[in-house]
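These are the residues of each chain, in order.
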Amino acid sequence: MLDVRWARENPEALDAALARRGAAGVSAELLALDAERRAAQTRFQDAQSQRREASKAIGQAKARGEDAAEAIAAVAALKDAAEAAEQTEKAAAAALDELLAGLPNLPREDVPDGLDESANALARKVGEPRKFNFAPKDHIALGEPLGLDFQAGAKLSGARFVVMRGQAARLERALAQFMLDLHTTEHGYQEVRPPLLVRNEAMYGTGQLPKFAEDLFRTTDDRWLIPTAEVPLTNLVAGEILDPEALPIRVTAHTPCFRSEAGAAGRDTRGMIRMHQFDKVELVSIVAPGEADAELERMTQAAGAVLERLELPYRVMTLCAGDMGFGARKTYDLEVWLPGQEAYREISSCSECGDFQARRMDARVRRREGKGTDFVHTLNGSGVAVGRALVAVLENGQQEDGAIRLPEALRPYLGGLEYLRPGEA
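Below or above, wherever it landed, is the structure these notes cover. (Residues numbered from 1 in each chain as written. Predicted model: local features only at pLDDT ≥ 70, side-chain atom pairs only at ≥ 80, totals over all residues. Heavy atoms only, no water.)

**Some points on the overall build of the protein**
Here's step 1: Per the secondary structure count, the protein includes 12 helices and 18 strands.
Here's step 2: Projecting the C-alpha coordinates of the protein onto the three principal axes gives extents of approximately 105 × 45 × 40 Å.
Here's step 3: The proportion of buried residues among the 425 residues of the protein is 49%.
Here's step 4: If you take every contact in the protein between residues at least 6 apart in sequence, the share linking residues at least 24 apart comes to 72%.
Here's step 5: Of the accessible surface of the protein, which amounts to about 20,200 Å², a share of 47% is contributed by carbon and sulfur atoms. (Helix = DSSP H or I, 4+ residues; strand = E, 2+ residues; numbered from the N terminus. Buried < 20%, exposed > 50% of the residue type's maximum accessible area, 1.4 Å probe, protein only. Contact = heavy atoms within 4.5 Å. Areas by Shrake-Rupley, 256 points an atom, 1.4 Å probe, with all protein chains shown as cover.)

**Brief notes about the packing of aromatic side chains**
Here's step 1: By the definition in use, this model includes 5 aromatic pairs.
Here's step 2: Where Phe 132 meets Phe 134, the ring centres are 5.4 Å apart and the plane angle is 80 degrees; that geometry is what we call edge-to-face.
Here's step 3: Relative accessible area serves as the criterion here: at 16%, Phe 134 is assigned to the buried category.
Here's step 4: Taking the centre distance of 5.4 Å and the plane angle of 80 degrees together, the rings of Phe 212 and Phe 326 count as edge-to-face. One end of the pair, Phe 212, is in the loop between helix 8 (200–206) and strand 6 (217–218); the other, Phe 326, is in the loop between strand 11 (314–318) and strand 12 (330–338), and 114 residues separate them in sequence.
Here's step 5: Take Phe 326: its relative accessible area is 10%, and that puts it in the buried class.
Here's step 6: In this structure, Arg 364 packs its charged tip against the face of Phe 375, placed 4.2 Å from the ring centre.
Here's step 7: Looking at Arg 421, its charged tip hangs above the ring of Tyr 419, at a distance of 4.9 Å from the centre. (Phe/Tyr/Trp six-rings, centres within 6.5 Å; stacked < 30°, edge-to-face > 60°. Lys NZ or Arg CZ within 6 Å of the ring centre and 35° of its normal.)

**A few points about the side chain of Gln 357**
Here's step 1: For Gln 357, the position within the fold is in helix 11 (residues 356–361).
Here's step 2: Accessibility expressed as a relative area gives 1% for Gln 357, which makes it buried.
Here's step 3: At 2.7 Å, the side chain of Gln 357 and the side chain of Thr 378 are in polar contact. (Polar contact = N/O pair within 3.5 Å; in protein donor to acceptor, adjacent residues only side chain to side chain.)

**Focus: the sheet that holds strand 7 (residues 224–225)**
In a beta sheet, neighbouring strands pair by backbone hydrogen bonds and run either parallel or antiparallel.
Here's step 1: Taken in spatial order, the 3 strands of this open sheet run 5-7-6, and their pairing is antiparallel. This sheet does not close on itself; its edge strands, each paired only once, are strand 5 (197–198) and strand 6.
Here's step 2: Across 2 bridges, strand 5 lies against strand 7 in antiparallel orientation. In the sheet register, Leu 197 faces strand 7, and the bridge partner there is Leu 225. (Pairing = 2+ DSSP bridges.)

**So, unusual backbone geometry**
Here's step 1: Residue Leu 209 is joined to Pro 210 through a cis peptide bond whose omega torsion reads 5 degrees.
Here's step 2: Inspection of the secondary structure assignment puts Pro 210 in the loop between helix 8 and strand 6.
Here's step 3: The omega torsion of the bond from Gly 383 to Val 384 falls at 10 degrees, within 30 degrees of zero and hence cis.
Here's step 4: You can see Val 384 is positioned in strand 16 (residues 377–385).
Here's step 5: The phi torsion at Asp 222 lies on the positive side, around 65 degrees, for a residue other than glycine.
Here's step 6: Assignment of secondary structure puts Asp 222 in the loop between strand 6 and strand 7.
Here's step 7: Of the residues examined, Asp 222 reaches a relative accessible area of 41% and is grouped as partly exposed.

**Observations concerning helix 2 (residues 11–20)**
Here's step 1: Within helix 2, the full set of buried residues consists of Leu 14, Ala 17 and Leu 18. Seen from one end, helix 2 has its buried residues packed into an arc of 100 degrees, which puts them on one side. (Arc of directions from axis to C-beta.)

**Let's talk about the environment of Gly 416**
Here's step 1: Turning to its location among the elements, Gly 416 is positioned in the loop between strand 17 (404–405) and strand 18 (419–420).
Here's step 2: Residue Gly 416 is classed as partly exposed on the basis of its relative accessible area, which comes to 46%.
Here's step 3: Spatially, the C-alpha atoms of Gly 416 and Leu 406 are 9.7 Å apart, while their sequence positions differ by 10 residues.

**Things to note about the nonpolar core**
Here's step 1: By size, the foremost hydrophobic cluster in this structure holds 57 residues, and its most contacted members are Leu 171, Leu 175 and Met 179.
Here's step 2: When residues in this core are grouped by element, the largest group, 9 residues, is from helix 7 (residues 166–185).
Here's step 3: Beyond its immediate chain neighbours, meaning those up to four positions away, Met 179 contacts Val 281, Val 306, Gly 383, Val 384, Val 386 and Ala 389.
Here's step 4: Membership of the second largest hydrophobic core comes to 17 residues, among which are Leu 2, Leu 18, Leu 100 and Leu 103. (Core = buried A, V, L, I, M, F, W, Y, C linked by side-chain atoms within 4.5 Å.)

Structure below.
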């Protein structure tokens, strides 16, 4: 959520920043609601103060034996005025909160301009795509003999689901274990096993609600299946006032994720690129103000290390203002090379959110000097999407006979196997 005081003092900057994200200017509406709220609050306080004085006058009149009817009438009128002002203040505050809840975070100045992925900027490339002496297959053709069963997934649950058997299931488990071990032993993240169902407040805190309700799965008791472990991990500090010594907090989790993909109808309908249920290893950092820039670079390097250990070529893209997620101030996408598509595809997205989520969650840190608190800054990133990593390992490691060469980093998690071969256990 944006800072109302900053918006009040910088309406033109607010509209200019929102325009970079392809959003309409709202400063006039925001300022009007804010002015109405503050004016009503002042009227309420004035009426309450006058009412207290009038109440004293009643007691004084009665003590003198005088008629207090006029003072009593004044108190009643002031009570009505205070109640009316209070209702106006509450209505204006609710409308202002609703407006703010739907506004995206403002992009940093170093984020490229642009409204879609065509304006994203290449930050760096790591590794070179492998040159094949045969026509490479996609992960569907490679994975089905190894246990990827899309027909069974559709039978059980419909489109965008898959059943994994045998070697495919074992490979996905190995990938997740490898990622968790790497992040906990080398990158300083603490492993967490969070709930997969969360309350409205948690979804609101990280910005999924109210704007993206249609992209989520909701239970009959008003809980939500998490679209990413970012939601429970970030909300671990919701409502907290942290000591500065507690920061940075770095946590990681391997969880299933659930998305309705309402905004992606017709896209990536084949295979495992865009599923309703998928696994991901998530990274979340909670840092003090001023530390987020360096933490974003650190997190992106941690996600990239996964791909480098898996011997996968990838590139890092700086997303333009219009292509970033709702809560992000700056985002790096890591895109892995997929020979079966002859394209780079997103496998990780690392974002710095500033105090945007912290304001929604009311998560603060005490100042090291002086009194008071500041909102913490939050970051999140995929470290990485497990299903897409499986796709990349299959396609980049494929051999002409259908075997899959496994990267050395994964072999200890698969009993020392160097290759997966169709028909083997």
